[in-house]
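# Structural characterization, general
Letter by letter, the chains look like this.
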Amino acid sequence: MEERVFLLASERITIKSYLLLLALTVNSLFLNGYRFDYNILTSWLRKQSNPELFKNDFFVNTVDKVQISWFYEVIKRLSFYIDLSILFFLVHIFSLTLMCFFLFYLAYELTGKKIIGYASVLMFSMGIRQWVAGAPQVYYFFVHHSAFSLPFFLLILTLFFKGKRILAYFLLGVMTNFHLLFDMYVLVALSIPLLLAVYEKRCTIKEFVYLIIAFLIPAIPAINHAVQFSGEFKATPEWFRIVRWTIWIHILPSKWGFEIIRNFLVYFLCFFVAFRVYPNKEHKKNVASVLAGLGIFCAVGTFFVEVVPTQLFTQIQVWRSTWIFFILSIPIFANFIYLTWSDSLISKFASISTLLVFGGYVTTQFNDPRCYYETPFWMLPFFMLLSITVGDFNVSEKFRKASSIFIIIFSFIILGETLIPAFEGKYFDIGARRLFVLLLALGSALLFSWDFIKNLPSNRQVAVAILNLIAVFSAVILLRGGVYFPLKGYMDGREGDWERIQFYVRDNTPIDALFIVPPYLAYPDFRFYSKRASFGDWVEGGFSVYLGSEFAEGWARRMADIGLDGRTFFDESFQLERKQYASLSAQRIIEAGYKYGADFFVADKRKGQTLPFEKLYENKSFALYKIPL
């Protein structure tokens, strides 16, 4: 087992440690890319510097009346001095760097091993989007107040686990002003371990009172704003309907598809196995308490959304709190990989493969942006089981034999489905036969490079490890289509038809014009490139949960007036929404234009939509018409 203590013998945090973390951060940035055009609030920020924009935009003008986060207030002021595209990219680099560093510190605190901290950052690099329940975001490839706030919540968790509770709760109070929802999740997550500490007299009543005070003092502005806003907020039955229509994936587990539930259960069972071997008893108890608190929170919240709908729990969106579980699971899985590493060549390969599958470096589908990938969900339990079976792991011989039989059967099923087209995708959603080749190549490259690195003098190991990572993962970047972070969005040469029609609108229409657009197309938001007012889309409909009944009902009326009746969940497949929008009659478009002052209509030619209006522009996918009023 001596071989497990690799790369650095010392567990002290040194300059070399920070250099390696910086290299891992750069790796994550280059691997996942960056998008400027994925934040719908960019249009609101642009309006602050140019009041002539979006005068007739219902969503932008509603946001103008509320305070979402101190983050956007700071960005708004900085945007007067720094170009927004440059500012966003700098904020993204800052947030990503903090995320990688604070995740390292969290893993280091939970395990006491720097190598597990490095592995955690590496495993975080691709995010774990396809494992999640309730679609909480854990890796952001764009600027958002959640992306900025998340690293600080990791720091809070680390401080709490270190026993620095007062500092943790003070910072938690500060972060209330930046992200009230996430702050509430962390507050709930820490409640059970804190109450246990009080019960076991590891925390005195006096210290408990100090913790409450430390939290409340910096949180006063956010609490005051929340109290005032809640007094004005009226949740009508229509509000409940619209919220369920637009953000069902965050609040309605009963509507989740088989794939979501399957992936989450597979992930949870794998986590349970990894957590069983987690050695630190004190932290293990605290982590278990945090997860128990989250479980109770999700169960209670689901009851008060699904069975007895209430405004508070609907707005809280309890299943989004599971990001805490996924973040805590990363060092637990990294610890499992560390423990299962042994002298056996197969064991090393299984451990490396577990890391590659967990981190998403081997996927069945490469999407754009690339952190939205399809996880081969069956690979994680397969390689974890292989690690346990062939490694120097403390399990019974009966379990080892049973696992070996299961692995042999499982291997034949996977290989048969991979090699025989008639069975492809029947059981495991493989989707691409290159998976095993890619996994074998990456695993082998890391394995043989490790054998080289471990024999180097300790003062050269970090530098060579950095070069090794750059070489291996540069290959992954090339496989994913190269480096991708256009600072201004698709304008940097990768624009498609949706972007092209926005460019035409920006250059050839009045600045105060209002456009009816396909509401199922929200990435990027129509306003982003066109810099013109949008009639509405499904993403802004999701903001109804915070913007109130007046906005929700106004938005729903607009959707109804362009044919959308809310019979399906909005981001499930969009098939009904596409059909309803494409079937709009000319008369109905004229009526909607007259009612809301809309000047132009964007037709989706992919659904065969044509209109007897003056056509101003078209490309392969879309056409722009002038609405005759």
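On a predicted model such as this, the values are computed, not experimentally measured, just so you know. Residue positions are given per chain, counting from 1 as you read along its sequence in written order. Residue-level local features of this predicted model are given only where pLDDT is at least 70; pairs of side-chain atoms are given and counted only at 80 or more, and the full residue set underlies all totals for whole chains, interfaces and linings. For side-chain calculations, the full set of non-hydrogen atoms in the structure is used, while hydrogens and water are omitted.

## A closer look at the packing of aromatic side chains
Condition: Each pair of aromatic rings taken from Phe, Tyr and Trp, with Trp reduced to its six-membered ring, is defined by centres within 6.5 Å and is described as stacked if the planes are under 30 degrees apart, edge-to-face if over 60, and tilted in the remaining cases. Note on conventions: DSSP H or I runs of at least 4 residues are helices, E runs of at least 2 residues are strands, and numbering of each starts at the N terminus. Think of it in three bands: residues with accessible area under 20% of the maximum for their type are buried, residues over 50% are exposed, and the middle band is partly exposed, with areas taken using a 1.4 Å probe on protein chains only. Whether a charge sits over a ring comes down to the Lys NZ or Arg CZ being within 6 Å of the ring centre and within 35 degrees of the ring normal.
Counted under the stated rule, the structure contains 71 aromatic pairs. Relative to phenylalanine 569, the ring of tryptophan 248 lies with its centre 5.1 Å away and its plane at 35°, an arrangement referred to as tilted. Here tryptophan 248 is found in helix 12 (residues 248–251), whereas its partner phenylalanine 569 is found in the loop between helix 26 (549–561) and helix 27 (575–582), with 321 residues between them in sequence. Taken as a pair, tryptophan 248 and phenylalanine 569 share a single burial class, namely buried. Plain terms: the ring middles of tryptophan 256 and tryptophan 319 are 5.1 Å apart, the flat faces sit at 80° to each other, and that makes the pair edge-to-face. You can see tryptophan 256 sitting in the loop between helix 12 and helix 13 (258–276) and its partner tryptophan 319 sitting in the loop between helix 15 (311–316) and helix 16 (323–340), a full 63 residues away along the chain. A relative accessible area of 16% places tryptophan 319 in the buried class. Over the face of the ring belonging to phenylalanine 528 we find arginine 46, whose NZ or CZ atom lies 4.6 Å from the ring centre. The positively charged end of lysine 626 is found above the aromatic ring belonging to phenylalanine 600, 4.9 Å away from the centroid.

## Comments concerning the side chain of threonine 302
Where we set the bar: Contacts described as polar in this section are N or O atom pairs within 3.5 Å, which, within protein, must combine one atom able to donate a hydrogen with one able to accept it, while residues neighboring in sequence count only if both atoms come from side chains. By the convention used here, residues are in contact when the closest approach between their heavy atoms is within 4.5 Å.
Among the secondary structure elements, threonine 302 is positioned in helix 14 (residues 281–307). On the basis of relative accessible area, threonine 302 is assigned to the buried category, the value being 17%. At 2.6 Å, the side chain of threonine 302 and the backbone oxygen of cysteine 298 are in polar contact. Apart from residues lying up to four places away in sequence, threonine 302 is in contact with Pro253, Val307, Val318 and Trp319.

## Overview of empty space enclosed by the protein
Defined as follows: Throughout, the protein atoms alone are placed on a 1 Å grid, and a set of points is a cavity if a 1.4 Å probe fits but cannot get out or a pocket if it is open with protein on both sides within 12 Å along at least five of seven lines; lining residues have an atom within 4 Å of a point. Grid points are joined across faces, edges and corners, and a volume is the space filled by probe spheres set on the points. Residues are grouped as follows: Ala, Val, Leu, Ile, Met, Phe, Trp, Tyr, Cys and Pro are nonpolar; Asp, Glu, Lys and Arg are charged; every other residue, Gly included, is polar.
Per the counting criterion, the structure on display carries five cavities of 30 Å³ or more. Roughly 100 Å³ of volume is contained in the second largest cavity. Lining the second largest cavity are His92, Ser95, Leu96, Met99, Phe124, Val138, Tyr139, Tyr140, Phe142, Ala147 and Leu150. Those elements that provide at least two residues to the lining of the second largest cavity are helix 5 (84–111) and helix 7 (145–161). Among the elements that line the lining of the second largest cavity, the one with the most residues is helix 5, at four residues. Grouping the constituent residues of the lining of the second largest cavity by class yields nine nonpolar, two polar and no charged.

## What to know about the pattern of salt bridges
We count it as follows: One speaks of a salt bridge when a side-chain nitrogen belonging to Lys or Arg is within 4 Å of a carboxyl oxygen belonging to Asp or Glu.
Summed over the entire model, instances satisfying the criterion amount to 19 salt bridges. Across the pair lysine 595 and aspartate 561 runs a salt bridge whose closest N-O atoms are separated by 3.0 Å. Highlighted residues: lysine 595 in helix 28 (residues 586–596) and aspartate 561 in helix 26, separated in sequence by 34 residues. One network of salt bridges, in which partners are shared, links Asp57, Asp525, Arg527 and Glu540.

## A look at the sheet that holds strand 5 (residues 622–626)
Selection criterion: Strand pairing is defined by DSSP finding a minimum of two bridges between the two strands. Between N-to-C directions, angles cover 0 to 180 degrees, with each direction set by a line fitted to C-alpha atoms, over the stretch in contact for helices.
The strand order across the open sheet formed by five strands is 2-1-3-5-4, and the pairing between neighbours is mixed. With one partner strand each, in any of the chains shown, strand 2 (533–534) and strand 4 (614–618) form the two edges of the open sheet. Examined bridge by bridge, strand 1 (residues 514–516) and strand 2 share two bridges and lie parallel to one another. Bridging across to strand 2, leucine 514 finds its partner in alanine 533. Across the sheet, helix 22 (residues 497–508) lies against strand 1, strand 3 (600–604), strand 4 and strand 5, angled at about 30° from strand 5, the strand it touches most.

## A word on helix 16
The criterion, for reference: By definition here, a helix of n residues has an expected span of 1.5 Å times n minus one. Given a residue, its bend is the angle between the two axes fitted to the seven residues that end at it and to the seven that start from it.
If you check helix 16, its first and last C-alpha atoms are 26 Å apart, about what 18 residues at 1.5 Å a residue would give, namely 26 Å. Residue serine 329 marks the point of greatest curvature in helix 16, where the axis turns by about 25°; the proline proline 331 follows within four residues. Taken across its 18 residues, helix 16 has 18 buried, putting it largely inside the fold.

## Quick look at a nonpolar patch on the surface
Using the following cut-off: Nonpolar side chains (Val, Leu, Ile, Met, Phe, Trp, Tyr) within 5 Å and like charges within 9 Å form the patches, drawn only from residues with over 30% relative accessible area and no salt bridge. Calculation of accessible area relied on Shrake-Rupley with a 1.4 Å probe; when residues are assessed, cover is drawn exclusively from the protein chains displayed.
On the surface, Ile166, Ile205, Val209, Tyr210, Ile213 and Ile217 cluster together into a nonpolar patch covering about 560 Å² of accessible area. Per-element accounting of the nonpolar patch gives the leading share, five residues, to helix 10 (residues 205–232). Mapping valine 209 onto the fold places it in helix 10. Residue classification places valine 209 among the partly exposed residues on the basis of a relative accessible area of 40%.

## Describing the packing of helix 7 against helix 16
In plain terms, the rule: What makes a crossing left-handed is the near helix being turned counterclockwise from the far one by less than a right angle; a clockwise turn instead makes it right-handed.
Between helix 7 and helix 16, the least distance of the axes is 12 Å, while the angle of their chain directions is 65°. Regarding helix 7 and helix 16, the two cross each other, and that crossing is right-handed. Between helix 7, through Leu150, Phe153, Leu154, Leu157 and Phe161, and helix 16, the contact on the second element is made entirely by Trp323, Ile324, Ile327 and Leu328. When the residues that make up the contact of helix 7 with helix 16 are grouped by side-chain class, the tally is nine nonpolar, no polar and no charged.

## A closer look at helix 6 (residues 114–124)
Taken across its eleven residues, helix 6 has eleven buried, putting it largely inside the fold. Every buried residue of helix 6 is listed here: Lys114, Ile115, Ile116, Gly117, Tyr118, Ala119, Ser120, Val121, Leu122, Met123 and Phe124.

## Some details on the confidence of the model for the protein
Note the following rule: Per-residue confidence from the predictor is given as pLDDT, running between 0 and 100.
A residue-level look at the protein finds 84% of positions with pLDDT of 70 or above and a mean pLDDT of 85. Residue range residues 1–9 is modelled with pLDDT below 50. Its contacts to residues more than four positions away, or to other chains, number 25 contacts. Scored below 50 in pLDDT, residues 429–433 makes 21 contacts in the model with residues more than four places away or belonging to other chains.

## Structural notes on the pairing of strand 3
The element strand 3 is extensively covered by neighbouring structure, given that five of its five residues are classed as buried. Side-chain alternation along strand 3 places Phe600, Val602 and Asp604 on one buried face and Phe601 and Ala603 on a second face that is also buried. Taken together, the two bridges between strand 1 and strand 3 define a ladder with parallel strand orientation. For isoleucine 516, the partnering residue across the bridge sits in strand 3 and is phenylalanine 601. In this sheet, strand 5 lies alongside strand 3 in antiparallel orientation, the contact comprising five bridges.

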